[in-house]
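So you can see what is in the structure, the chains are spelled out below.
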Amino acid sequence: MIKPDDFVSRSDDLAFRVIQGEAIILTAKDRVIHTLNEVGTRIWELIDTGIKVGDLIAKICEEYEVDERQAERDVLEFLGELKEKGIIVIQGAGDEG
Amino acid sequence: MIKLKLDREMWQFVKNKKRELNLDIGGIGLTLSFSSPSFLKSVCSYYHPFINDRVGEYSILIEVDKERYKRELINLGLEELPPDMPPQLLKRDNETLVHLQGAFAIIGEDGDVGYALFKDINPTALDSLMRILFSRLSLRHKGLLIHSAGVRMGGRGVLFIGPSESGKSTIAKLTPPSYTVLTDELSLVVKKNGDFWVFGTPFAGFSRRFRANFGVPLGALFLNQKDELNYLEPASLPFSLKEVVSNSLLFETDSTRIEEFMGTAEELILSVPCYKLHFKPTRELWKVIADDKAR
C-alpha cells in the first residue's frame, strides 16, 4: 500500500511522450501502450525525476483546488494503478538506497 | 542450462549448397540459409517478389530437426507453445530468444547472425519469424512495420491503419484501378534522406493478392474508423501516435529500443497529415480520399 511518506519515481523500462497535454506511455516488458488523461498527465509531469507522494498530493490539491482527503484518495489509487502496470516505482520511506 | 549454439559447420554446408534466400524489403536485406532444401523450395513462391541476389545485412540459419528441437526445447527450459499463442520474446544476456509455434530462434542484439531451429517444415512459423526480424531491422533504419494497407496514388503513398477487421483488405479491394495497392496487411514505413517512404511487404493478408515490391514517399496517414458515412476528420496528435504505436509490430524488450520505436512513431505522425477516415465499405470512400487537398 502506497503511503504519503513514500517516494515515487518513473520506471526506467518505458518510453513516453506528452503531446498536447496527453501522456502516452509504452512499457518495455509487455509492450503495452497506456494513455493518461489531463490530471493523470499532470501527475506524470510532477513525478518527473521523483517526488514524495505527500508533496505530489499537496500540489494536486493546490492546482485543482480539491479537498485534501479526496485528492489523497484519488492520487493514491491512481499511483497504485501505475505501479501495478510497471509505470512507476515506489520506494518506502524506510527503504534503503 | 545449456545455451543453444549456432552450428557454423551446418551454415557453411548450407552456403556451399547455395540453399540461401536473399530477401529485400525497402532496402532492408535479410538472408535465410536453409538446412532443408524442401523448406527453401516451399517458401520461394511465397516471398518471390522480394527475392534478390544481394546478401542481407542480417543472416539467419534455418534448421529443421525434430529430435534436436525436442532436446533443445528441454535444454532451454521451454515447453511447446499452446495453439494460438503469439510469439514469446525472452531476453537472455545479449541475445533474444524468440519462441514460436513449432520453432524457436536466437537472435543477437548487435550481431548480424541468428539461428532458428524448427520442429518441421513450417512456412507459417517462418513467416512469424520474418515479421519479427524485419520489425527489428526496420527499427534500426528508422522504420516501422505497421498494420495497414498501403496504396500509391500518383507519386505519393498513403496508409490505412488499423488492426484486424478494421477494413484494410476491404479498402484495398475497393481501390480504383488508377492507384496501386502495395499491401493490404503490413506496410513498411522507413525514413530515407529525411522523408518517410512506404513500401509493400511480402506479409500479405488472406487474399495474398497485394504484395508490391516498391516504395513511394508517404503523403498521409488514415486511421480506419468503420462508420455509416464517408468523411475525413483531422486526427489529434495523441490519437495518431497511439494508433501508430499500437498498430506497429514491436518485438523489442530493451528500453533503448523502445525509446527509438516511440521516437520513430512520433517523427512519423509529425511528418505527414493524419486523418480519421470514417468509412463504409463502398467505392465512394475513395472519393473523400481523392478529393482531399492535403496531399
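Residues numbered from 1 in each chain as written. Chains lettered and ligands numbered in written order. Predicted model: local features only at pLDDT ≥ 70, side-chain atom pairs only at ≥ 80, totals over all residues.

As a further point, take the packing of helix α6 (residues 237–246) of chain B against helix α7 (residues 255–271) of chain B. Residue and element names in this part refer to chain B. Interaxial distance between α6 and α7 falls to 9 Å at its minimum, and their mutual angle equals 130°. Relative to α7, the element α6 lies oblique. When you trace α6 past α7, the crossing you get is right-handed. Here α6 contributes Leu-237, Ser-240, Leu-241, Val-244 and Val-245 to the contact with α7, which in turn contributes Met-262, Ala-265, Glu-266, Leu-268 and Ile-269. (Axes fitted to C-alpha atoms, helices over the stretch in contact; angles between N-to-C directions. Helix = DSSP H or I, 4+ residues; strand = E, 2+ residues; numbered from the N terminus. Parallel < 35°, antiparallel > 145°, perpendicular 65-115°, else oblique. Left-handed = near helix turned anticlockwise from the far one by under 90°. Contact = placed C-beta atoms within 7 Å.)

Let us look at the packing of helix α2 (residues 53–64) of chain A against helix α3 (residues 68–84) of chain A. Residue and element names in this part refer to chain A. As a packed pair, α2 and α3 sit with axes 9 Å apart at the nearest point and diverge in direction by 125°. By the angle between their axes, α2 is oblique relative to α3. Note that α2 runs across α3; the crossing there is right-handed. Seen from α2, the contacting residues are Val-53, Leu-56, Ile-57, Ile-60 and Cys-61; seen from α3, they are Glu-68, Ala-71, Glu-72, Val-75 and Leu-79. The residue makeup of the contact of α2 with α3, split by class, is eight nonpolar, no polar and two charged. (Nonpolar A, V, L, I, M, F, W, Y, C, P; charged D, E, K, R; others polar.)

What follows covers the sheet that holds strand β1 (residues 7–10) of chain A. Residues and elements named next belong to chain A. With antiparallel pairing, the three strands of this open sheet are ordered in space as β5-β1-β6. Pairing within the sheet leaves two strands with one partner each, and these edge strands are β5 (51–52) and β6 (88–91). With two bridges connecting them, β1 and β5 associate as antiparallel partners. What sits directly across from Val-8, in β5, is Ile-51. Sheet contacts for helix α1 (residues 38–47): β1, β5 and β6; angle to β1, the most-contacted strand, approximately 100°. (Pairing = 2+ DSSP bridges.)

Just geometry here; none of it tells us what the structure is for.
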